[in-house]
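Residues per chain, in single letters:
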Amino acid sequence: MQSVSDTVRSVSDHANGQVRNFLDNVEDLTRALRDVDTPDIAKVRAKVKIALAAAKSALDDTATQLRGQAQEVGQRTDTFVRDNPWQVIGIAAVVGLAVGIFASRRYD
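Rules behind the numbers
Residues numbered from 1 in each chain as written. Predicted model: local features only at pLDDT ≥ 70, side-chain atom pairs only at ≥ 80, totals over all residues. Heavy atoms only, no water. Salt bridge = Lys/Arg side-chain N within 4 Å of Asp/Glu carboxyl O. Helix = DSSP H or I, 4+ residues; strand = E, 2+ residues; numbered from the N terminus. Buried < 20%, exposed > 50% of the residue type's maximum accessible area, 1.4 Å probe, protein only. Expected span 1.5 Å × (residues − 1). Patch = residues over 30% accessible without salt bridge, like charges linked within 9 Å, V, L, I, M, F, W, Y side chains within 5 Å. Areas by Shrake-Rupley, 256 points an atom, 1.4 Å probe, with all protein chains shown as cover.

Engineer: It is not clear to me how the pattern of salt bridges should be interpreted in this structure. Could you clarify?
Structural biologist: As a working rule, side chains carrying opposite charge can pair if their charged atoms are close by. Inspection of the entire model under this criterion finds 2 salt bridges. Its salt-bridge partner being R76, residue E72 comes within 2.7 Å of it at the nearest N-O pair. One end of the pair, E72, and the other, R76, are both in helix α2 (residues 39–83), 4 residues apart, so they sit about a helical turn from each other. Given the relative accessible area of 38%, E72 is considered partly exposed. Accessibility expressed as a relative area gives 58% for R76, which makes it exposed.

Following this line, the structure appears as C-alpha cells:
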C-alpha cells in the first residue's frame, strides 16, 4: 500500500511534469520566433524569457513547499491514528455508514 507522502509525491511529480512540459513548449515557441526580426517580437520574447525563468523558479519553490507540507500532514495523521485507534475506527465506521446510506438512496 502506498503511503500518503508517496501518493502526494507522485501527484506532485505528475503536475510538475505537466507544468514543465508547458514551459518547455513556450520556450520552443520563443526559439521558433528567434528568426523574426521585429522590435515588437523581440520585446515579447524578452518578457517571455523573464516570465519563464520566474515561473520555473516559483514551480521549484512551490513543489518543495508542498512536499514538506504533505510529509508533515502525513506524519501528523500517522501519529493521530497511532494515538487514537478507536476514534479512527469510529470515524471510519460513521463515514462508511453514511456512504452506504447515500449509495442505497441513489439506486432506489
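Engineer: Can you walk me through α2 in this structure?
Structural biologist: What sets the pattern is the α-helix's 3.6 residues per turn: residues three or four places apart point alike. Between its first and last C-alpha, α2 extends 65 Å over 45 residues, near the 66 Å set by a 1.5 Å rise per residue. Buried residues of α2: R45, L52, L59, A63, A70 and G74, and no others.

Engineer: Sorry, what's going on with a nonpolar patch on the surface here?
Structural biologist: There is a patch of nonpolar side chains on the surface, built from F80, V81, I91, V95 and V99 and spanning about 430 Å² of accessible area. Of all the secondary structure elements, the ones that give two or more residues to the nonpolar patch are α2 and α3 (85–106). With 3 residues, the single largest contributor to the nonpolar patch is α3. Looking at V81, the relative accessible area reads 36%, which means it is partly exposed.

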